[in-house]
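Working through the structure, step by step
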Amino acid sequence: MGMGTAKEGRKGFGGKLLKLYGISLGLTAALVLTGAALFCLTGLPEGLYRPWMLLSLCGPCVLLGYGSAQIFGKRGLLTGLLTAAILLVFVLGTAGILLQTGTEINWFQPLYSLPLLAGAAGGFLGVGRTK
């Protein structure tokens, strides 16, 4: 009976994390599409496009870090940082595949540390909260 409970706990753990990634990816897509519509339909300067895209990643990374730290229950900074890094690599990799610019994306831009720091901050906040 004890083993069944542990098995169910692991299954629920992965399901919660996958659900959290799905929500974060959906939020990222919604923010990116909203930004694309704003830049196409209004006269916003194109110089604001890059900051918008970074903020479109920072928000979901905070959510992901917060939720994953609540799931893990400890080491919030590390948990938030790693889950945000996975999301960032997935989003950049998908963009590279869709735009067929895989090698042209500069993967080591210093600005990509902002979503990672946002995820770590979300993890820091999430580990202190009770479930």
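Right, let's walk through the structure included here. Being a predicted model, the structure only gives us computed values, none of them experimental. Here the residue index of a chain counts from 1 through its sequence in written order. Whole-chain, interface and lining totals are the exception, using all residues; otherwise, since this is a predicted model, local features are given only for residues with pLDDT of at least 70 and side-chain atom pairs are given and counted only at 80 or more. To get the side-chain values, take all heavy atoms of the structure and skip hydrogens and water.

Below, the discussion takes up the overall build of the chain. For the purposes of this entry, the term helix denotes a DSSP run of H or I that reaches at least four residues, the term strand denotes a run of E that reaches at least two, and both are numbered from the N terminus. Regarding its fold elements, the chain presents four helices and zero strands. Counting from the amino terminus, helix and strand elements in the chain follow one another as α-α-α-α. Residue exposure (1.4 Å probe, protein chains only): buried if accessible area is under 20% of the type maximum, exposed if over 50%, otherwise partly exposed. In the chain, buried positions account for 30% of the 131 residues. Any two residues whose heavy atoms approach within 4.5 Å are treated as being in contact. Partitioning the contacts of the chain with sequence separation of at least 6, the portion at a separation of at least 24 is 74%. Carbon and sulfur atoms make up 72% of the accessible area of the chain, which totals about 8600 Å². To measure how exposed things are, a 1.4 Å probe is used in the Shrake-Rupley method; for residues, cover is taken only from the protein chains shown.

One can find Ser56 in helix α2 (residues 49–72). The exposure class of Ser56 is buried, given its relative accessible area of 2%.

Tracing the backbone shows Arg129 in the segment after α4 (113–127). A C-alpha to C-alpha distance of 8.8 Å links Arg129 and Gly73, two positions 56 residues apart in sequence. With sequence-adjacent residues up to four places away left out, Arg129 is seen in contact with Tyr66 and Gln70.

With that settled, consider the packing of aromatic side chains. Two aromatic rings from Phe, Tyr or Trp, using only the six-membered ring of Trp, form a pair when their centres are within 6.5 Å; if the ring planes differ by under 30 degrees the pair is stacked, by over 60 it is edge-to-face, and anything between is tilted. A complete count under the given rule lists one aromatic pair for this structure. Taken together, a centroid distance of 5.5 Å and an interplanar angle of 80 degrees make the contact between Phe39 and Tyr49 edge-to-face. In this pair, Phe39 is assigned in helix α1 (residues 2–41) and Tyr49 in helix α2, connecting sequence segments 10 residues apart.

This part takes up the environment of Trp52. With respect to the helices and strands, the residue Trp52 is situated in helix α2. Using a relative accessible area of 28% as the deciding quantity, one classes Trp52 as partly exposed. Each C-alpha atom, one on Trp52 and one on Ala36, is 9.5 Å from the other, the two residues being 16 residues apart in sequence. Dropping the residues within four chain positions of it, Trp52 is found in contact with Leu31, Thr34, Gly35, Leu38 and Phe39. Throughout this description, a polar contact denotes any pair of N or O atoms lying within 3.5 Å of each other; where both atoms belong to protein, one of them has to be capable of donating a hydrogen while the other can accept it, and for residues adjacent in sequence the pair is counted only when both atoms sit in side chains. Side-chain polar atoms of Trp52 contact the backbone oxygen of Leu31, separated by 3.0 Å.

Soluble globular proteins tend to bury their nonpolar side chains together. By nonpolar core we mean a set of buried residues, namely Ala, Val, Leu, Ile, Met, Phe, Trp, Tyr and Cys, connected to one another through side-chain atoms within 4.5 Å. Counting residues in hydrophobic clusters, the biggest one holds 10 residues: Leu17, Leu20, Tyr21, Cys58, Cys61, Leu64, Ile71, Ala84, Leu87 and Ala118. Mapped by element, the contributors of at least two residues to this core are α1, α2 and α3 (76–99). Top contributing element to this core by residue count: α2, with four residues. Counting five residues, the second largest nonpolar core, distinct from the first, contains Leu54, Leu57, Leu88 and Leu92.

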